[in-house]
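The primary structure of each chain is shown beneath.
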Amino acid sequence: MAAALVFRLHDGGPELLRQVLLERGWEEHHAGRRGQEDWNLYWRGADFPISEYRNLMPWQRLNHHPQSVGVTRKDRLERNLRRMRATFGSSLYDFSPAAFILPNDFTRFLAEYYKPRLQGTPPLFWICKPVGLSRGRGIFIFEKVRDLLYDCAVIVQKYISEPLLISGYKFDLRIYVCVKSFHPLIVYIHQEGLVRFATEKYSQSSLQNPYIHLTNASINKLGPFYHATKDGVGRGCKWTLSKFRHFLHSQNINELLLWQRISNIVTLTLLTIAPSGPACHNCVELLGFDILLDVTFKPWLLEVNHNPALNPDCPADLAVKKKLIGDLIDLMSYTCTDHLRGGALLPKVSSHTLPRIQTRPEKSIQNKSSCHRHHRCLPPVHLDRTSRLISATSETLHPIMGPHSRTIRSVSEVTHSQSEDELSDVPSTLPDTSWRGQGLRCPDVTWRLPDITHSVTVPSTGQAANISANANSLHLLSANARQEDSFVSRFKVVQTPLQGHAPPPPLRVGDFIRTFPFNMATLKASRRQLDLKAVMREIRKLTRQLDASQSTTMGPDISDKQEDLDSLLWGPKDPPLLRHCFKA
Ligand code: ADP
């Protein structure tokens, strides 16, 4: 019997993670009882010191990539988005509210602040956020510049003052994203996520009330109406994404376009940092993307969380996070050789530590099964390892191979949150900046938002949309009416090695849907050095297809010659293939 995999949690780690790993038969690493390198997963809330990446063994995984901070710190994210906007045009990168990093950008901020006053249009609202804090700490909303007081580096963003509301309550979406690798870029989005509500009805008049304007659970848990049963929302402040999806259906809203736009936001955001930083194939990164929908259903990126909370606060949290963690572990693609941790079934040592594993012990293990050679360097990526996973999870796969009538869970099946609150082998390379300064000027493509609402009343300017959660008309999308065998055959096509190269990573692992690369062109563009220009071209194409699909209802009978869009659409529970949804 193979030895158990071993996890190491820094500072106690998230309890739910421990629970899931123990339930899967993992063992916890306790310093002194096991050798220093006798572990398979090291989980930390904060970043790892760079030495951890350098000393990583082939059987070990870390839960952070070295370069993620480029999107997870509010000021760095803004700088990176600006750079991409300058290079690729603001029509693609139009998904984050205009922002200024203070104190540096103060003059630019003032120019923007006075614009409406000079133009005679209504003044804007602004939101000020400390760049180094999270969970709503230190955030305030203001209208007059005299109210802008700060004593640390902050970011001031245009406040989305007309958010989409559900029964009068503001909400945002927590989308869980796993970056399996930056080199090549491989991204998965989890189908399940959270909707986080403010706990007092939205109004633009009381800017100081955090329970109206902020959707952080850590804040709303402390509000007076947290435990109250709120009209259309229920008790607490969270829904699962499934419940939200069900709600969208009840409103006759075509959700496919929404998910694809959010998926594009995730890809475009990660592309800001993907070309730089070292390759580290033994790392995964779980990121929490916070997305706010405005009254026109346009998704806005608010921020990217480096260390999304994994501890459950309420039933919705538990339902989402437990599955999320399990799927994340599956995505780490452990193999039987990882169980060996550099030797044959290492015995547990109780009173002394194991001798240090040697830097180059390949001689000693040459004859032992198929163990990796133990160079102290980051191992090459093995896309085929992840491909194997998909067959190992045939049970998980089965639902998407089933008949394609969309199975929308009934309200009673959807998690109820009303009763409680919830939640290359080279170690490193110099940053690849080769794409910079090439003056990539792309023609302006309108990132037009298709009208994805059919029955939602959008109130007049100055009011936020307020959707009644009681509407009951279910709109089943015809895109799902495809046949099982046709999917299976397509899946096989996807798994076939391309022109002698490794096959693409699996379309899905558990409820994680691969969203990048999303077609053959992006797969090729990301194989070696990321060809940003080519990727942007594909995203533009997809965006145009999105726009085109606004007026066309795509059915399952779309030509199968469109090999290009063979990814699944992230979002729906039984995701259709992109090519079945969007015109090529
Ligand atoms: P934190 O890291 O402190 O959670 P966020 O950027 O996520 O900071 O902001 C906290 C909350 O404030 C969000 O969940 C959202 O409800 C609200 N918020 C943040 N930025 C905006 C914005 N530009 N417009 C409207 N609401 C915002």
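In this report, we go over the structure that sits alongside the text. Here the structure is a predicted model, which means the values were calculated and not measured.

Quick notes on the state of the cysteines
For step 1, the next point in the chain: Throughout the structure, instances matching the rule amount to one disulfide.
For step 2, the next point in the chain: Left without a disulfide partner, cysteine 128 is nearest to the cysteine sulfur of cysteine 152, which lies 7.5 Å away.
For step 3, the next point in the chain: By relative accessible area, which is 0% here, cysteine 128 ends up buried.

Side note on the packing of helix 16 (residues 520-527) against helix 17 (residues 532-549)
A pair of packed helices is characterised by two quantities: the angle between their axes and the separation of those axes.
For step 1, the next point in the chain: One way to put it is that helix 16 packs onto helix 17 with a least axis distance of 9 Å and a crossing angle of 160 degrees. Between helix 16 and helix 17, the angle is such that the two are roughly antiparallel. Here helix 16 runs over helix 17; the crossing is left-handed. On helix 17, the residues that touch Ala521, Thr522 and Ala525 of helix 16 are Ala534, Val535 and Glu538.
For step 2, the next point in the chain: Here the contact of helix 16 with helix 17 is built from residues that sort into four nonpolar, one polar and one charged.

Details of the side chain of glutamine 60
For step 1, the next point in the chain: Of note, glutamine 60 is situated in the loop between helix 2 (50-54) and strand 4 (61-62).
For step 2, the next point in the chain: Among the polar contacts listed, one links the side chain of glutamine 60 to the backbone oxygen of glutamate 37, at a separation of 2.9 Å.
For step 3, the next point in the chain: Non-local contacts of glutamine 60, meaning those with residues more than four positions away in its chain, are made with Glu37, Trp39, Asn40, Asn55 and Asn282.

Some points on the pattern of salt bridges
For step 1, the next point in the chain: Within the structure shown, the criterion is met by 28 salt bridges.
For step 2, the next point in the chain: With a shortest N-O distance of 2.4 Å, aspartate 38 and arginine 341 are connected by a salt bridge. Separated by 303 residues along the polypeptide, aspartate 38 in the loop between strand 2 (27-28) and strand 3 (41-43) and arginine 341 in the loop between helix 11 (336-340) and helix 12 (362-365) bring together distant segments of the chain. Side by side, aspartate 38 and arginine 341 carry an identical accessibility label, which is buried.
For step 3, the next point in the chain: A salt bridge links lysine 321 to aspartate 317; the shortest N-O distance between them is 3.2 Å. With lysine 321 and aspartate 317 both in helix 10 (residues 315-331), this residue pair falls four residues apart, about one helical turn. Here lysine 321 matches aspartate 317 in class, with each residue buried.
For step 4, the next point in the chain: What emerges from the salt-bridge pattern is a single network uniting Glu78, Arg82, Arg85, Asp105 and Arg108.

As for helix 4 (residues 74-88)
For step 1, the next point in the chain: Over its 15 residues, helix 4 runs 21 Å from end to end, which matches the ideal 21 Å to within 8%, given 1.5 Å per residue.
For step 2, the next point in the chain: Turning to helix 4, its buried residues number three or more, namely Lys74, Asp75, Leu77, Glu78, Asn80, Leu81, Met84, Thr87 and Phe88.

Some remarks on helix 5 (residues 106-119)
For step 1, the next point in the chain: Between its terminal C-alpha atoms helix 5 stretches 20 Å, which fits the 20 Å expected from 14 residues at 1.5 Å a residue.
For step 2, the next point in the chain: If you look at helix 5, its biggest bend is around 25 degrees, right at tyrosine 113, and the proline proline 116 turns up within four residues after that.
For step 3, the next point in the chain: When we look at burial in helix 5, the residues that qualify are Phe109, Glu112, Tyr113 and Pro116.
For step 4, the next point in the chain: In this structure, the buried side of helix 5 is in contact with strand 5 (99-102), strand 6 (126-130), strand 7 (140-142) and strand 8 (154-158).
For step 5, the next point in the chain: Glycine 120 lies just past helix 5 and shows a positive phi near 75 degrees.

Rules used in this analysis
- Residues numbered from 1 in each chain as written.
- Predicted model: local features only at pLDDT ≥ 70, side-chain atom pairs only at ≥ 80, totals over all residues.
- Heavy atoms only, no water.
- Disulfide = S-S within 2.5 Å.
- Buried < 20%, exposed > 50% of the residue type's maximum accessible area, 1.4 Å probe, protein only.
- Axes fitted to C-alpha atoms, helices over the stretch in contact; angles between N-to-C directions.
- Helix = DSSP H or I, 4+ residues; strand = E, 2+ residues; numbered from the N terminus.
- Parallel < 35°, antiparallel > 145°, perpendicular 65-115°, else oblique.
- Left-handed = near helix turned anticlockwise from the far one by under 90°.
- Contact = heavy atoms within 4.5 Å.
- Nonpolar A, V, L, I, M, F, W, Y, C, P; charged D, E, K, R; others polar.
- Polar contact = N/O pair within 3.5 Å; in protein donor to acceptor, adjacent residues only side chain to side chain.
- Salt bridge = Lys/Arg side-chain N within 4 Å of Asp/Glu carboxyl O.
- Expected span 1.5 Å × (residues − 1).
- Bend = angle between axes of the 7 residues up to and from the residue.

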